[in-house]
Amino acid sequence: MTNGPTIHDVLRERAVHSVFQPIVDLDSGAVVAYEALARGPVGPLQRPDQLFAAARAESVLSELDHACRAAALRGALEHDVVAPLTLFVNVEPEILDAAPLTELMALADGAPTGLRVVVEMTERALAARPAELLRTVTRVRELGWAIALDDVGADAMSLAFMPLLRPDVVKLDLRLVQDRPGPAVAQIMNAVNAYAQESGALVLAEGIEDEGHLLAARALGAQLGQGWLFGRPSAPPPPAAVVAELALPAPAAVATADPTSPFSLLPVGTRLRRAPKALLIELSKQLEREAMRLGDTCVVASTFQEARHFTPATRSRYRDLADRVGFVCALGEDLSETPLPGVRGAALDPRDPVRGEWDLVVLAPHFAAALLARDLGDNGPERERTFEYALTYERATVAAAAQSLLSRVAPRTPDHDVSPATAGTDASTDAGTTGRGTVRPRPVPRPAGAVAAGSAEALLQRALGATNSGISIADMLRPDHPLVYVNSAFENLSGLRAEDVLGRNCRVLQGPETDQVTVNGIRASLQAGQEWRGVLLNYRGPGREPWWNEVYLAPVVDATGRVVQYIGIQNDVTARVRAEQELDLERERSRRHLRRIEEFAYTDPLTGLANRRRTEPLVEAALRSRDTRTALLFCDLDEFKVVNDELGHAAGDDLLVEVARRLRQATPADAVLARLGGDEFIVALPGLHPDEAPDVAAATVAALAARVADPVDLHGVQLSLGVSTGIAVSGRDGATFEELLRHADHAMYRVKRGRVVV
């Protein structure tokens, strides 16, 4: 017995209706479009997440998707959402292969000419069904309708596929407007603005709820806005004071539905080269390295002719690509749908022209390159077989070649779509309330290969719900290793709802200060199928509050030993880490204090030069060398007492500071300078050649005398001082610091008395 209509009742009675949310031109404030959002009848199926969950459970998702769009078009006509207004509707990614858009064409035939439509697609369709997605885009454009790419920024995949889909409108995920700016936002906006400038596409910011969000949207380059600040979804739509036409870019060229081979897409007149396979291998590796550098906003598509060419060495490289790159596919005769975890594939028909090609395409928002080659049919040794090829960086050709290869990628079968932890559920459904408002459910995880009874499953659910540790499970067989389960404690720790994180990589918790070395260590452990323990800085909730996460990651293997999942256990250790940081800070303060005490003990406080306590061990260390000599200069200012007596001790101190500065300028960089006290200074010149030491010392004395004698303005009085200097050289005048200092001191007094030093 049910408490309301079933999904079959809803579909039979056409009980799905649409509410409409305004889309506003941010410059004029005029409403230019409305987005149709699906709603069910009052009751348990009213919310879109409940509606689509019921349809998915009863295998009528395609019928519900059709009903939603029909309701959107009917509602648009009923509420006059016609020209100059534009209607935004959604296409459900899961049914692209079941009903590409035949129903849309039927609806289009009955739609008035004044109905302007933009079809929204999300990144959820990109990796799962790229071939169907590209065909759907072609069909939509054949109808004369425009394309919007939704939730851009929620997943890097949307940036990777943006050059292929060529959307007319780029819809920024609401987190870009509502969260604090950081490196991820900068990366997204760099790619989006570059694409918009090149293509003329419009940028639409979602989630604008207050003036701060509006300011952020404008700063991000958005021309259009959507959110509660402009009106909540309703039927009829909220009244608009000003209505204007949405100025979409010129219609993009409709791509051919025939999957042409990449090599045949080279422009007429392209200069072709001839090379052995060995060179193509090295060129391919270089492009793969470029793709690794570009990271998760990059698409890599390649052909291998036959499965035997997908060698163990190639598999190793493509494992790395799958871990770092947004989307990777490899095509060849007898290649499976998933040659490696994270790598999409397709078995080529022997008659397919791609079967005779060597193609490697790398496409990203700011980079495009393709190696396109045709086998010339040699029968010699494998690495010496010759190909006719071109290496092109022309973006349009690279994008067309990528579309050609992706149009052959096999759709994910249910076995590839659902991991053991998500059997019977859909973990890839979009989060939050987008056009459909669907929400990811939280399945109960099961050990790989096990089929749990209902009671055991309920017990496991209660146990995981009761623990204070955050529990998460990532599917290692799907691209980007998305989370497929989180418990309530994980939600509390992360500040995010399950529907916000399921289907996404756990890097959603990372932020600008997350240590990349630690992240690389995690990645290496996962790649090796090993456990990992450590502490990582994560960010909590929409406010992005930093917190320290103590993480334990453990692999789950199937019967063959293959890693199919990773279980993560998280605990908030922020208080402990901060206490440790405070202790470390206190230790550093103590070390700095000790260094200051040591500095005071070894430094003349007036001039900053070393004192005798510091100088003596430095000179003694230099004297240990048997191959060099050290000269010690004892300097005493002439008539310094007169300065103190006539101008005061403050002026005398200023003069001593100036003399110290001039001594530094007139002596070599490796000289040791010290103030003994009063107006007495010493200069040690280490590492001198035995034959040159006396001459170098004498030359330095002359330079010091000249520099010190330069006039100085001291408290309004022009002075020119002299300096008396005595010289002592090791090996000639002494072997220790004390002996040299005594000899130089006596020599200085002889100079003061007018005697010449020999």
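Residues numbered from 1 in each chain as written. Predicted model: local features only at pLDDT ≥ 70, side-chain atom pairs only at ≥ 80, totals over all residues. Heavy atoms only, no water.

Asks: Outline the pairing of strand β11 (residues 327-333), supporting the account with residue identities and numerical values.
Replies: Working note: regular strand, side chains alternate between the two faces of the sheet. Burial of β11 is extensive: 7 of the 7 residues sit out of reach of the surface. Relative to β11, strand β10 (residues 299-306) runs parallel, the two being bridged by 6 bridges. If you follow V299 over to β11, its bridge partner there is F327. A crossover connection joins β10 to the parallel β11 through helix α12 (residues 312-324); in handedness this β-α-β unit is right-handed. With 4 bridges joining them, β11 and strand β12 (residues 344-347) adopt parallel strand pairing. The partner of L331 across the bridge, within β12, is A346. (Buried < 20%, exposed > 50% of the residue type's maximum accessible area, 1.4 Å probe, protein only. Helix = DSSP H or I, 4+ residues; strand = E, 2+ residues; numbered from the N terminus. Pairing = 2+ DSSP bridges. Right-handed = clockwise from strand over helix to strand, strands pointing away.)

Asks: Please provide a residue-by-residue account of helix α22 (residues 649-666), values included.
Replies: Since there are 3.6 residues in each turn of an α-helix, residues three or four apart along the chain are aligned in direction. Counted at 1.5 Å a residue, the expected span for α22 with its 18 residues is 26 Å, and the 25 Å between its end C-alpha atoms agrees. Among the residues of α22, A651, G652, L655, L656, E658, V659, A660, R662, L663 and A666 are the ones counted as buried. Buried-residue contacts for α22 involve β21 (629-637), α21 (640-647), β22 (672-677), β23 (680-688), α23 (693-709) and β24 (712-714). (Expected span 1.5 Å × (residues − 1). Contact = heavy atoms within 4.5 Å.)

Asks: Tell me about the sheet that holds β22, and please be specific about residues and values.
Replies: What the 4 strands build is an open sheet, ordered β22-β23-β21-β26; its pairing is antiparallel. The sheet terminates laterally at β22 and β26 (723-729), the two strands that pair on one side only. The average angle at which neighbouring strand axes cross in this sheet is 20°, direction not considered. Both β21 and β23 contribute to a ladder of 7 bridges, which runs antiparallel. Among the inter-strand pairings, C635 is bridged to a residue of β23, identified as F681. Packed on one face of the sheet, helix α20 (residues 612-623) meets β21, β22 and β23 and runs near 140° to β22. (Axes fitted to C-alpha atoms, helices over the stretch in contact; angles between N-to-C directions.)

Asks: Account for helix α3 (residues 61-78), naming residues and giving values.
Replies: Between its first and last C-alpha atoms α3 spans 25 Å; for 18 residues at 1.5 Å apiece the expected length is 26 Å, and the two agree. Of the residues making up α3, those classed as buried are L61, L64, D65, A67, C68, R69, A70, A71, A72, L73, G75 and A76. Directly beyond the C-terminal end of α3, a positive phi value near 60° is found at D80.

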